[in-house]
Each structure stands twice: as C-alpha cells, then as structure tokens.
Amino acid sequence: MKKIKTPLDGKQITKLKAGNTVLLTGIIYTARDQAHKRLVRAINQKKKLPLDLKGQVFYYCGPTITPKGEPIGSCGPTTSSRMDIFSPAILRIGLKAMIGKGRRSEEVIEACKRYEAVYFLTYAGCAALLSQYVMAKRLIAYGDLGPEAIYELKVRDFPLIVGIDSHGKDIYERRCR
Amino acid sequence: MRWMKSEQIKEIVARLCIEANIRLREDILKALNFAYNQEKNLRAKRILEAIIENAKVSREKNLAICQDTGFPTVYMDIGQKIKIEGDLKRAVNKGVELGYREGFLRNSIVSDPLKRNKPGWKPAIIHIDLVRGDKIKITVLPKGFGCENKTRLKMFNPTASQREIKDFILETVKIAGPDACPPYVVGIGIGGTADYACLLAKKALLKKIKNHPDTEGVGTKIKTTNQNSKIYKLEKELLSEINKLNIGPMGLGGRTSALAVNIETYPTHIAGLPIAVNLSCHALRMATRVL
C-alpha cells in the first residue's frame, strides 16, 4: 500500500505501477462531461482557466446533494471513457492524475506516458463508502452545471488502484481488450 | 369503485424514491454475500467486501448507495376498479421531486437533451398498466446511466439459433466489460416488438433474483425464478457462461461477472425475433408498495 499527497509531481508519479493500491491525501477536483467540454474549449480559445491544473487530480464524479451537517453526499466515480476525447488536452497543460472507473482509450494511455500522468480506479458503485474519505467540499467553477460543476474535495486516505501508469501499462490490458 | 387521492400517491412515490436509493434490495445483498463466499480471486473478494460495506454505510447513514441516483422510473399497475382524484402523472412527478429533495438525491435530469441545461429531478419515466382488481402497485426503479448506456437491441431472424442469441447477449456483457460496475444483473427481453423487447429487458430487472450456483451441486437448492423451465435453463446457462468471462468486480478479474440473469418473454411476429439486453450495475435499487 503506497501513500501519496497532492499536488503530485513527476517523481511521485513515475514510481506508481499499474495494479498498485494507493491511498491519496490532499485536494482533488471533481470534473465530468460538461466541465471537460468547457475546459477544453477554453484551452483551445486560449482563455484563462478557472483553476490551475498543474500537478492536480481530477475525479470523474458528480456527487449527490450534500445532506445537512455533512461535508459531502454520496460521491463515487462515473464511467471514465466518456472523458477520453478531452483528457489528452488537459494532461498536456499539467493535470497529473485522473480518478474514475473502467477502461480508457489508447490516446489516453499514450498521453499518460507522454506527460507523466496516471489514471486511478476507485471502488465503483461504492459512493456512500467513498464519502467517508472526504473531509470538505467547495465550489470552484461552473456552478450552473449543478452536480457537474467543478468542486474541490479535501480527502484523506482516499482508496485507489493504479489503472494506467506513466509507463503506459494498463491494468485492463489483455484482460478485457 | 375505490377512490384514491393523487396526493396520497405523491407521498408514497416520494417515500419509495428514498427507500430505493438508500436500502439495497435484500436479494441483491444476499447474492453479493453469496458471491463473496464463492470468490477465489483475492482482489475481487476485497472489492465485493467494499460493495457490501457500502450498502451498510448507506443504510446506516441514510446516504444514497450510488451518487448516480438514476433516471427515476415508476411502474404503476392500477386496478380497473380504482378511480383516481386529481392529475396522476403530475402527482408522480411531484412525488419524485419531493423524495429526491428530501433524500438529498442527485438532480440528474436535463429537460432539454440537446441543450443540456442545469439538471433537475423530473420528469420521471412513467409506465402505467391497467390490471384487474382495486389495488395499485407502485414500483420505483432509479437506474443509473453508466449501465443504461450499455443497453442493446437486436432484431434477429426468426430462424436464429439459440447459440446466436446467446452470443449476442455475451457480446453485450463483454462490451460493457469493466465500465458499467460489474458484477451485473442481466435483464433480457425476448419477443414482442423492438420497443416492447426493451421494456421487457428492463422489467426483467424487477424480478427477484436467486443465487444460482455456477455449477450443479454447489450452494443451496435452487427454486426456479421463472416457472417456464426452458427459460430458467437458458438463464442458468447464460449466467454460467458470463461468469467464465473473467470480467469480475470492477473488471479486474474473478468469477463474479454477473449476479443473475433474468429473462422476460412475450409472443412475437412470424418475421422476427427481437432480443433486448438491459444491464444493471451491482447496485440494483428498487422499492415497491401495494396500496
């Protein structure tokens, strides 16, 4: 079991191997379909982004409404492959890790190699359990998207499995392709 | 004639939305525990443990089992002897919104599918059936879209072999692979028309599942879920073949790729054989009440 802290740098990332179990502590940002679409549009138009992505981690997640008195509601991962078309452009400007569920495209694997980034899996369909590792939630951008907005989550020992490492090794290779 | 107020239906729908999203179906929990005991792959076992733990946390803390609280789908079997006061569909939609708000469930529905505006809770998908008697049965199925996206329909030739049909179903499970939260419950609709086969496939998910053992002689004695033994045999064979695909929990390998296969059938036309497959993730949620 490896422990890592955000922000992530290339040195930490290159040590991670596909299949490793990891506990992550620090800050992660939720972002899914519509947030990705807006970010990539802003990148293409050379506009200022609502957050600095260097060394940061994206979590493909749209949480439920936060219950009163709790830091967050249920917050499990969504299907990562829908973000495949956007990820290479976002990794190019410095994002270091992505958290989601399921397979990724060859382009994403290639981008992980080129930009020293990593793709993590987390317990799929275990949203209530995963909420127990989140200490705080704060809106960062695109509030009009509701659950699809970008939220900053403060997490402690968030459980992960390395899906694709920065050497281009994919946990699903041979298994399901 | 029995009179019922639509306001009462609104309240019941609201309770069912919360119950379905927070309390995992008993038969699913049982099947997960069964799978946990059968599983030899250590990583698969650990993931199944997390899934079972998740159901416990959601129940104890009143949290949604999954952040994707689904597209609320409401099935109503209404007895012909019931007269409903007020606007029934409006009451159901209001009930869904009330339940989702009170249960802190996610607003996942965009009113314009192309413009993708800020999501809300309604409208629900409502299926109404008229039946005999003076009772009303309401079922809420909040199915997530990760697995809904993997739905497939194929219009086979009427001369298709059972092997061809099985291969299409297996292919559907393989395409979903690790992406839609395996272990799956596989709902299959056979017959009817294109649209009706899709409805049957989803309705198959409403049926109670049994812990079919993969092989003869393992586990407890099995009662047939489907009285039609030919269909039961097909369900069992498919489950066994799916569990040899080595997809496993989270797609990371193991013998637990599906918890159950449920088939619903309907008569069809001489010129065709519609087959629809609707996969559910392991978090198959549902709540029912008869009034």
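Everything here concerns the structure above.
On a predicted model such as this, the values are computed, not experimentally measured, just so you know.

Caption draft 1: Up close: the side chain of N54 of chain B. Within the element layout of this structure, N54 of chain B appears in helix α3 (residues 42–61). With relative accessibility at 2%, the residue N54 of chain B sits in the buried group. If we ignore the near neighbours within four places in the chain, the residues touching N54 of chain B are G125, C126, A127, A128 and L129 of chain A together with I65 of chain B.

Caption draft 2: Quick peek at the interface of chain B and chain A. Tallying the contact residues gives 40 residues for chain B and 44 residues for chain A. Carbon and sulfur atoms make up 59% of the surface buried where chain B meets chain A, a total of about 3,200 Å² over both sides. For the chain B face of the interface with chain A, the top three residues by lost area are Q67, F104 and M250 of chain B, together amounting to 22%. Linking chain B with chain A are one salt bridge, by the criterion used here. For D179 of chain B, the salt bridge identified is with R103 of chain A, shortest N-O distance 3.1 Å. At the junction of chain B with chain A, the criterion picks out 18 residue pairs in polar contact (both at pLDDT 80 or more). Contributions of two or more residues to the side of chain B that touches chain A are made by α3 and α6 (162–176) of chain B.

Caption draft 3: Up close: α6 of chain B. Residues and elements named next belong to chain B. Under the 1.5 Å per step criterion, the end-to-end length of α6 is 22 Å for 15 residues, consistent within 8% with the ideal 21 Å. Considered for burial, the residues of α6 that qualify are I165, K166, F168, I169, L170, T172, V173 and A176. Buried positions along α6 lie against β6 (152–156), β7 (184–192), α8 (229–242) and β9 (273–280). G177 sits one or two residues past α6 and shows a positive phi near 45 degrees.

Caption draft 4: Quick look at the sheet that holds strand β4 (residues 125–131) of chain B. Residues and elements named next belong to chain B. Overall, mixed pairing links the four strands, which are arranged β4-β2-β5-β10 in an open sheet. Two strands in the sheet have a free side with no partner beyond their single neighbour: β4 and β10 (287–290). When the angles between neighbouring strand axes are averaged without regard to direction, this sheet yields 10 degrees. Pairing geometry for strand β5 (residues 136–143) and β10, over four bridges, is antiparallel. Residue I138 lies in a different strand from β10, and its bridge partner there is R289. Across the sheet, helix α7 (residues 194–204) lies against β2 (71–79), β4 and β5, angled at about 95 degrees from β2, the strand it touches most.

Caption draft 5: Focus on the pairing of strand β7 (residues 150–164) of chain A. Residues and elements named next belong to chain A. In terms of burial, β7 is largely enclosed, as 12 of its 15 residues are buried. Relative to β7, strand β2 (residues 21–30) is paired through eight bridges, and the arrangement is antiparallel. Considered in β7, the bridge of L23 is made with P159. Relative to β7, strand β5 (residues 118–121) is paired through three bridges, and the arrangement is antiparallel. Of the residues in β7, the one forming a bridge with L121 is I161. Sheet topology places strand β6 (residues 134–141) next to β7; six bridges connect them, and they run antiparallel. Within β7, the residue paired with A136 across the bridge is K154.

About the criteria used
Residues numbered from 1 in each chain as written. Chains lettered and ligands numbered in written order. Predicted model: local features only at pLDDT ≥ 70, side-chain atom pairs only at ≥ 80, totals over all residues. Heavy atoms only, no water. Helix = DSSP H or I, 4+ residues; strand = E, 2+ residues; numbered from the N terminus. Buried < 20%, exposed > 50% of the residue type's maximum accessible area, 1.4 Å probe, protein only. Contact = heavy atoms within 4.5 Å. Buried area = accessible area lost by both parts, 1.4 Å probe. Salt bridge = Lys/Arg side-chain N within 4 Å of Asp/Glu carboxyl O. Polar contact = N/O pair within 3.5 Å; in protein donor to acceptor, adjacent residues only side chain to side chain. Expected span 1.5 Å × (residues − 1). Pairing = 2+ DSSP bridges. Axes fitted to C-alpha atoms, helices over the stretch in contact; angles between N-to-C directions.

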